[in-house]
Amino acid sequence: MSFDFTVKPVGQLVIPPVIRPEPEAVQSAVATQLPAPQSVSATANGASSNAIASNAAKVGADTISRQVIFDQAAAAMVFVSVDESTSEVLNQYPESWQLKARAYFREQDQSKLQQRTGPIPTNRIA
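Thresholds, definitions, all that
Residues numbered from 1 in each chain as written. Predicted model: local features only at pLDDT ≥ 70, side-chain atom pairs only at ≥ 80, totals over all residues. Heavy atoms only, no water. Helix = DSSP H or I, 4+ residues; strand = E, 2+ residues; numbered from the N terminus. Buried < 20%, exposed > 50% of the residue type's maximum accessible area, 1.4 Å probe, protein only. Areas by Shrake-Rupley, 256 points an atom, 1.4 Å probe, with all protein chains shown as cover. Patch = residues over 30% accessible without salt bridge, like charges linked within 9 Å, V, L, I, M, F, W, Y side chains within 5 Å. Salt bridge = Lys/Arg side-chain N within 4 Å of Asp/Glu carboxyl O. Pairing = 2+ DSSP bridges. Phe/Tyr/Trp six-rings, centres within 6.5 Å; stacked < 30°, edge-to-face > 60°. Core = buried A, V, L, I, M, F, W, Y, C linked by side-chain atoms within 4.5 Å. Contact = heavy atoms within 4.5 Å.

## Things to note about the overall build of the chain
Here is step 1 of the chain: Along its length, the chain carries 3 helices and 3 strands.
Here is step 2 of the chain: The helix and strand sequence of the chain, counted from the amino end, reads α-α-β-β-β-α.
Here is step 3 of the chain: Burial statistics for the chain: of 126 residues in total, 12% are counted as buried.
Here is step 4 of the chain: Put simply, the chain shows about 11900 Å² of open surface, and 57% of that area lies on carbon and sulfur atoms.

## Some points on unusual backbone geometry
Only a minority of non-glycine residues have a phi that is not negative, and only a minority of peptide bonds are not trans.
Here is step 1 of the chain: Omega for the bond connecting Tyr-93 with Pro-94 falls within 30 degrees of zero, at -5°, which places this linkage in the cis form.
Here is step 2 of the chain: One can find Pro-94 in the loop between strand S3 (88-93) and helix H3 (96-115).
Here is step 3 of the chain: Backbone geometry places Ala-75, a non-glycine residue, at a positive phi of 55°.
Here is step 4 of the chain: Relative to the helices and strands, Ala-75 resides in the loop between strand S1 (64-71) and strand S2 (76-83).
Here is step 5 of the chain: One non-glycine residue with positive phi stands out, namely Ser-87, at about 60°.
Here is step 6 of the chain: Examined against the element boundaries, Ser-87 turns out to sit in the loop between S2 and S3.

## With respect to a nonpolar patch on the surface
Here is step 1 of the chain: Taken together, Val-68, Phe-70, Met-77, Phe-79 and Tyr-93 make up a surface patch of nonpolar side chains, about 550 Å² in accessible area.
Here is step 2 of the chain: Of all the elements in the fold, those that place two or more residues in the nonpolar patch are S1 and S2.
Here is step 3 of the chain: Relative to the assigned elements, Tyr-93 resides in strand S3.
Here is step 4 of the chain: Here Tyr-93 falls in the exposed class, since its relative accessible area comes to 56%.

## Quick look at the pairing of S1
Here is step 1 of the chain: As judged from the 8 bridges shared by S1 and S2, these two strands associate in the antiparallel manner. The residue bridging Asp-71 from the neighbouring strand is Ala-76, located in S2.
Here is step 2 of the chain: Here S1 hands over to S2 after 4 residues, with Ala-75 in that stretch at a positive phi of 55°.

## Description of the packing of aromatic side chains
Pairs of aromatic rings are described using the distance from one ring centre to the other and the angle between the two planes.
Here is step 1 of the chain: Enumeration according to the criterion identifies 1 aromatic pair in this entry.
Here is step 2 of the chain: Where Tyr-104 meets Phe-105, the ring centres are 5.4 Å apart and the plane angle is 70°; that geometry is what we call edge-to-face.

## Some thoughts on the nonpolar core
Here is step 1 of the chain: Counting 7 residues, the largest nonpolar core consists of Ala-74, Ala-76, Val-78, Val-80, Val-82, Leu-99 and Ala-103.
Here is step 2 of the chain: When contributions to this core are tallied by element, the ones reaching two or more residues are S2 and H3.
Here is step 3 of the chain: Those residues in contact with Val-82, other than ones at most four positions away along the chain, are Thr-63, Ile-64, Ser-65, Gln-67, Ser-87, Glu-88, Val-89 and Leu-90.

## Side note on the side chain of Ser-81
Here is step 1 of the chain: Relative to the assigned elements, Ser-81 resides in strand S2.
Here is step 2 of the chain: Take Ser-81: its relative accessible area is 12%, and that puts it in the buried class.
Here is step 3 of the chain: When sequence neighbours within four positions are dropped, the list of residues in contact with Ser-81 reads Ile-64, Ser-65, Arg-66, Glu-88, Val-89, Leu-90 and Asn-91.

This is the structure we're talking about:
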């Protein structure tokens, strides 16, 4: 009796092509052609779709204030872009929910450390 664990190929694997029917909306759609001034084309570089760049273009680069703030509760540096004319925060890193979570977990860690200042309670049975 022999134990042969070798896997031997039997033949070539044939994968049939998957043909999906078009939805009814595509079948009944009307082909449109817009004149050149009304058509939309992709931009040359993907950087122009950046939210900061688009906000800067809307507001104007001279009214944007960039600040670095130290959040003591979260013990983290916060980078903020603010529109000076409306006092609206355009961009913030880390996000406010991340700062709240960091502050919460930091407070939890500090409370655990304060509880452990005394001797470690042990259960000794003589």
